[in-house]
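Chain by chain, the residues run as shown.
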Amino acid sequence: MNEKLTIALTKGRILKETLPLLASVGIVPLDDIGSSRKLVFETNRNDLQLVILRGTDVPTYVRYGAADMGVVGKDILMEHGSEGLYEPLDLGIARCRLMTAGPLGWQHIGARIRVATKFVNITREYFSRQGVHADLIKLYGAMELAPMMNLADLIVDIVDTGNTLRANGMEPLEEIAAISSRLVVNKAAMRSRYTAISQIIEELTAVVKEGEDAPA
Ligand code: AMP
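A quick note: this is a predicted structure, and the numbers were derived from the prediction, not measured. (Residues numbered from 1 in each chain as written. Predicted model: local features only at pLDDT ≥ 70, side-chain atom pairs only at ≥ 80, totals over all residues. Heavy atoms only, no water.)

**Re the domain arrangement of the chain**
Inference 1: Partitioning the chain into domains gives domain 1 (5–94 + 180–213) and domain 2 (97–177).
Inference 2: Relative placement of domain 1 and domain 2: their C-alpha centres are 30 Å apart.
Inference 3: Between domain 1 and domain 2, the contact holds 4 residues from the first and 8 residues from the second.
Inference 4: Between domain 1 and domain 2, roughly 530 Å² of surface is buried when both sides are summed, and carbon and sulfur atoms account for 56% of that area.
Inference 5: By the criterion of area lost to domain 2, the three top residues of domain 1 are Asp75, Met78 and Glu79, representing 87% of everything that side buries.
Inference 6: Taken together, the connections running from domain 1 to domain 2 amount to 1 salt bridge. (Domains from an automatic or database assignment. Contact = heavy atoms within 4.5 Å. Buried area = accessible area lost by both parts, 1.4 Å probe. Salt bridge = Lys/Arg side-chain N within 4 Å of Asp/Glu carboxyl O.)

**Examining the side chain of Asp68**
Inference 1: By the secondary structure assignment, Asp68 is in the loop between helix 2 (58–63) and strand 4 (69–73).
Inference 2: Every residue in contact with Asp68, bar those within four places of it in the chain, is listed here: Lys4, Leu5, Thr6, Val62, Val184, Val185, Asn186, Ala189, Arg193 and Ile197. (Helix = DSSP H or I, 4+ residues; strand = E, 2+ residues; numbered from the N terminus.)

**Overview of the pattern of salt bridges**
Inference 1: All chains considered together, the criterion is met by 13 salt bridges.
Inference 2: Where Arg182 meets Asp90, a salt bridge forms, and the shortest distance between an N and an O atom there is 3.6 Å. Of the two residues, Arg182 is situated in strand 11 (residues 181–186) and Asp90 in strand 5 (residues 85–90); the sequence distance between them amounts to 92 residues.
Inference 3: On the basis of relative accessibility, which here comes to 13%, the residue Arg182 falls in the buried class. (Buried < 20%, exposed > 50% of the residue type's maximum accessible area, 1.4 Å probe, protein only.)

**Comments concerning helix 1 (residues 13–24)**
Inference 1: The complete set of buried residues in helix 1 reads Ile14, Leu15, Thr18, Leu21 and Leu22. One side of helix 1 carries all its buried residues, which in axial view fall inside an arc of 125 degrees. Exposed residues lying more than 90 degrees from the buried face of helix 1 are Arg13, Lys16 and Pro20.
Inference 2: Where the residues of helix 1 are buried, they touch strand 1 (5–10), strand 3 (48–53), strand 4, strand 11 and helix 8 (194–213).
Inference 3: Downstream of helix 1 by one or two residues, Gly26 has phi in the positive range, about 80 degrees. (Arc of directions from axis to C-beta.)

**Concerning the sheet that holds strand 9 (residues 154–159)**
Inference 1: On the basis of which strands lie adjacent, the open sheet formed by 5 strands has the order 8-7-9-6-10 and mixed pairing. Whereas interior strands pair on both sides, the edge strands pair on one side only; in this sheet they are strand 8 (133–138) and strand 10 (170–179). Between one strand axis and the next, the sheet turns through 30 degrees on average, direction left out of account. (Pairing = 2+ DSSP bridges. Axes fitted to C-alpha atoms, helices over the stretch in contact; angles between N-to-C directions.)

What follows is the structure, given as C-alpha coordinates:
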(Lines give C-alpha, C1' and ligand atoms only; values in the text may rest on other atoms or scores of the structure.)
Protein backbone atom coordinates (compact mmCIF):
# COMPACT_ATOMS: atom_id res chain seq x y z
CA MET A 1 0.00 0.00 0.00
CA ASN A 2 1.18 3.52 -0.76
CA GLU A 3 2.02 5.34 2.44
CA LYS A 4 0.70 8.62 1.18
CA LEU A 5 -2.98 9.16 0.72
CA THR A 6 -3.42 9.27 -3.06
CA ILE A 7 -6.14 11.17 -4.89
CA ALA A 8 -6.63 10.38 -8.60
CA LEU A 9 -7.79 13.39 -10.60
CA THR A 10 -9.28 13.52 -14.09
CA LYS A 11 -7.19 15.66 -16.43
CA GLY A 12 -8.62 18.42 -18.63
CA ARG A 13 -11.73 20.44 -17.92
CA ILE A 14 -12.55 18.57 -14.69
CA LEU A 15 -9.03 19.14 -13.32
CA LYS A 16 -9.32 22.91 -13.82
CA GLU A 17 -12.43 22.95 -11.66
CA THR A 18 -11.10 20.43 -9.12
CA LEU A 19 -7.93 22.31 -8.16
CA PRO A 20 -9.75 25.35 -6.65
CA LEU A 21 -11.94 22.97 -4.63
CA LEU A 22 -8.88 21.14 -3.29
CA ALA A 23 -7.18 24.47 -2.55
CA SER A 24 -10.16 25.57 -0.52
CA VAL A 25 -9.69 22.55 1.75
CA GLY A 26 -5.95 23.22 2.01
CA ILE A 27 -4.60 20.78 -0.58
CA VAL A 28 -2.27 22.45 -3.07
CA PRO A 29 0.13 20.73 -5.54
CA LEU A 30 3.74 21.86 -5.22
CA ASP A 31 4.21 22.04 -9.02
CA ASP A 32 2.00 23.74 -11.59
CA ILE A 33 0.00 20.76 -12.89
CA GLY A 34 -1.07 22.64 -16.03
CA SER A 35 2.45 23.17 -17.32
CA SER A 36 4.08 19.94 -16.13
CA ARG A 37 4.34 16.57 -17.85
CA LYS A 38 4.52 14.76 -14.53
CA LEU A 39 1.77 12.32 -13.61
CA VAL A 40 2.36 12.28 -9.83
CA PHE A 41 2.35 15.51 -7.84
CA GLU A 42 3.45 16.09 -4.30
CA THR A 43 1.36 18.56 -2.34
CA ASN A 44 1.81 20.97 0.54
CA ARG A 45 0.63 18.08 2.73
CA ASN A 46 3.43 15.54 2.96
CA ASP A 47 0.91 12.78 3.68
CA LEU A 48 -1.00 13.34 0.42
CA GLN A 49 -0.21 13.11 -3.30
CA LEU A 50 -2.18 13.59 -6.51
CA VAL A 51 -2.08 11.51 -9.69
CA ILE A 52 -3.45 12.83 -12.98
CA LEU A 53 -5.26 10.34 -15.20
CA ARG A 54 -7.70 9.99 -18.05
CA GLY A 55 -11.23 9.97 -16.64
CA THR A 56 -11.89 6.38 -17.68
CA ASP A 57 -8.86 5.21 -15.66
CA VAL A 58 -9.80 6.98 -12.40
CA PRO A 59 -12.40 4.38 -11.24
CA THR A 60 -9.92 1.59 -12.05
CA TYR A 61 -7.14 3.09 -9.92
CA VAL A 62 -9.55 3.70 -7.05
CA ARG A 63 -11.30 0.32 -7.34
CA TYR A 64 -7.98 -1.56 -7.05
CA GLY A 65 -6.75 0.69 -4.25
CA ALA A 66 -3.83 2.11 -6.27
CA ALA A 67 -5.46 5.44 -5.39
CA ASP A 68 -7.51 5.94 -2.23
CA MET A 69 -9.86 8.53 -3.65
CA GLY A 70 -10.68 10.07 -7.01
CA VAL A 71 -12.58 12.74 -8.89
CA VAL A 72 -14.43 11.57 -12.00
CA GLY A 73 -17.40 12.49 -14.19
CA LYS A 74 -20.73 10.79 -13.50
CA ASP A 75 -20.85 9.84 -17.21
CA ILE A 76 -17.85 7.57 -16.68
CA LEU A 77 -19.31 6.01 -13.54
CA MET A 78 -22.58 5.36 -15.37
CA GLU A 79 -20.84 3.87 -18.41
CA HIS A 80 -18.22 1.74 -16.65
CA GLY A 81 -19.98 1.00 -13.36
CA SER A 82 -19.06 2.04 -9.85
CA GLU A 83 -18.46 -1.41 -8.39
CA GLY A 84 -16.02 -1.36 -5.45
CA LEU A 85 -16.37 2.40 -5.01
CA TYR A 86 -18.12 4.68 -2.58
CA GLU A 87 -19.50 7.82 -4.15
CA PRO A 88 -19.93 10.09 -1.12
CA LEU A 89 -20.15 13.50 -2.75
CA ASP A 90 -21.43 15.27 -5.86
CA LEU A 91 -18.80 17.99 -6.31
CA GLY A 92 -21.15 19.98 -8.55
CA ILE A 93 -18.33 20.82 -10.98
CA ALA A 94 -17.95 20.25 -14.74
CA ARG A 95 -21.70 20.20 -15.09
CA CYS A 96 -23.00 19.11 -18.47
CA ARG A 97 -25.64 16.85 -19.96
CA LEU A 98 -25.48 13.50 -21.67
CA MET A 99 -27.80 13.82 -24.66
CA THR A 100 -28.94 12.35 -27.89
CA ALA A 101 -28.27 14.67 -30.82
CA GLY A 102 -28.98 14.60 -34.52
CA PRO A 103 -28.70 16.63 -37.72
CA LEU A 104 -30.96 19.75 -37.73
CA GLY A 105 -34.54 18.69 -38.43
CA TRP A 106 -33.78 14.98 -38.21
CA GLN A 107 -36.84 12.75 -37.97
CA HIS A 108 -37.03 9.13 -37.02
CA ILE A 109 -38.21 7.20 -40.10
CA GLY A 110 -38.10 3.43 -40.20
CA ALA A 111 -37.69 0.78 -37.58
CA ARG A 112 -33.98 0.95 -36.75
CA ILE A 113 -31.60 3.75 -36.04
CA ARG A 114 -27.83 3.79 -36.01
CA VAL A 115 -26.32 5.62 -33.05
CA ALA A 116 -22.64 6.52 -32.75
CA THR A 117 -21.23 7.03 -29.26
CA LYS A 118 -18.47 6.22 -26.86
CA PHE A 119 -21.12 5.59 -24.17
CA VAL A 120 -22.37 2.28 -25.56
CA ASN A 121 -23.70 0.83 -22.30
CA ILE A 122 -25.69 3.94 -21.35
CA THR A 123 -26.97 4.28 -24.93
CA ARG A 124 -28.03 0.63 -25.21
CA GLU A 125 -29.96 0.89 -21.97
CA TYR A 126 -31.53 4.23 -22.90
CA PHE A 127 -32.90 3.08 -26.26
CA SER A 128 -34.06 -0.26 -24.93
CA ARG A 129 -36.04 1.57 -22.21
CA GLN A 130 -37.62 3.62 -25.03
CA GLY A 131 -38.43 0.43 -26.93
CA VAL A 132 -36.34 1.64 -29.89
CA HIS A 133 -34.07 -0.77 -31.73
CA ALA A 134 -30.74 1.02 -32.01
CA ASP A 135 -27.65 -0.33 -33.74
CA LEU A 136 -24.71 1.04 -31.79
CA ILE A 137 -21.43 2.14 -33.34
CA LYS A 138 -18.60 2.64 -30.86
CA LEU A 139 -16.41 5.68 -31.48
CA TYR A 140 -13.63 7.17 -29.37
CA GLY A 141 -14.04 10.84 -30.31
CA ALA A 142 -15.47 13.42 -32.74
CA MET A 143 -18.93 11.87 -32.54
CA GLU A 144 -20.40 14.87 -34.42
CA LEU A 145 -18.69 13.70 -37.57
CA ALA A 146 -20.62 10.43 -37.74
CA PRO A 147 -24.01 11.71 -39.03
CA MET A 148 -22.27 14.08 -41.45
CA MET A 149 -20.35 11.18 -42.98
CA ASN A 150 -23.45 8.96 -42.99
CA LEU A 151 -21.95 6.58 -40.46
CA ALA A 152 -24.87 7.05 -38.03
CA ASP A 153 -28.28 8.73 -37.74
CA LEU A 154 -27.80 10.05 -34.22
CA ILE A 155 -25.08 10.42 -31.62
CA VAL A 156 -25.04 10.26 -27.84
CA ASP A 157 -22.53 12.68 -26.36
CA ILE A 158 -21.76 15.18 -23.65
CA VAL A 159 -23.30 18.60 -24.30
CA ASP A 160 -22.34 21.74 -22.44
CA THR A 161 -23.08 24.92 -24.42
CA GLY A 162 -24.20 23.03 -27.55
CA ASN A 163 -21.68 25.01 -29.63
CA THR A 164 -19.88 21.90 -30.87
CA LEU A 165 -23.16 20.43 -32.11
CA ARG A 166 -24.27 23.65 -33.80
CA ALA A 167 -20.89 24.11 -35.47
CA ASN A 168 -21.46 20.74 -37.11
CA GLY A 169 -25.05 21.22 -38.25
CA MET A 170 -26.57 19.28 -35.37
CA GLU A 171 -28.93 19.94 -32.50
CA PRO A 172 -29.43 18.40 -29.06
CA LEU A 173 -32.54 16.22 -28.85
CA GLU A 174 -33.20 14.41 -25.55
CA GLU A 175 -31.42 14.54 -22.22
CA ILE A 176 -30.34 11.14 -20.93
CA ALA A 177 -28.70 12.33 -17.71
CA ALA A 178 -27.42 15.43 -15.95
CA ILE A 179 -23.69 15.01 -15.36
CA SER A 180 -21.28 16.46 -12.82
CA SER A 181 -18.06 15.25 -11.22
CA ARG A 182 -18.14 12.97 -8.20
CA LEU A 183 -15.77 12.14 -5.39
CA VAL A 184 -15.14 8.39 -5.26
CA VAL A 185 -13.42 6.43 -2.50
CA ASN A 186 -11.94 2.93 -2.36
CA LYS A 187 -14.07 0.84 0.00
CA ALA A 188 -11.16 -0.74 1.88
CA ALA A 189 -9.35 2.60 2.22
CA MET A 190 -12.52 4.12 3.65
CA ARG A 191 -12.09 1.72 6.58
CA SER A 192 -8.30 1.59 6.91
CA ARG A 193 -7.75 5.36 6.52
CA TYR A 194 -11.06 6.49 7.89
CA THR A 195 -9.89 9.57 9.79
CA ALA A 196 -7.93 11.19 6.95
CA ILE A 197 -10.50 10.36 4.27
CA SER A 198 -13.59 11.34 6.21
CA GLN A 199 -11.99 14.65 7.11
CA ILE A 200 -11.44 15.45 3.43
CA ILE A 201 -15.01 14.38 2.58
CA GLU A 202 -16.42 16.56 5.35
CA GLU A 203 -14.39 19.59 4.36
CA LEU A 204 -15.21 19.22 0.66
CA THR A 205 -18.89 18.73 1.50
CA ALA A 206 -18.88 22.02 3.42
CA VAL A 207 -17.17 23.88 0.55
CA VAL A 208 -19.58 22.46 -2.05
CA LYS A 209 -22.57 23.35 0.12
CA GLU A 210 -21.25 26.88 0.63
CA GLY A 211 -20.97 27.26 -3.17
CA GLU A 212 -24.53 25.99 -3.65
CA ASP A 213 -25.92 28.33 -0.98
CA ALA A 214 -24.11 31.41 -2.31
CA PRO A 215 -26.29 33.76 -4.39
CA ALA A 216 -25.65 33.28 -8.12
P1 AMP B 1 -20.09 22.22 -25.93
O2 AMP B 1 -19.65 22.62 -27.32
O3 AMP B 1 -19.92 23.34 -24.93
O4 AMP B 1 -21.51 21.65 -25.93
O5 AMP B 1 -19.10 21.09 -25.42
C6 AMP B 1 -19.18 19.84 -26.01
C7 AMP B 1 -17.90 19.05 -25.95
O8 AMP B 1 -17.06 19.41 -24.85
C9 AMP B 1 -18.29 17.59 -25.76
O10 AMP B 1 -18.10 16.91 -26.97
C11 AMP B 1 -17.42 17.08 -24.66
O12 AMP B 1 -16.43 16.25 -25.21
C13 AMP B 1 -16.78 18.28 -24.03
N14 AMP B 1 -17.31 18.57 -22.68
C15 AMP B 1 -18.11 19.58 -22.34
N16 AMP B 1 -18.37 19.59 -21.03
C17 AMP B 1 -17.72 18.54 -20.51
C18 AMP B 1 -17.58 18.00 -19.22
N19 AMP B 1 -18.17 18.56 -18.16
N20 AMP B 1 -16.85 16.87 -19.05
C21 AMP B 1 -16.27 16.32 -20.11
N22 AMP B 1 -16.33 16.78 -21.37
C23 AMP B 1 -17.04 17.87 -21.58
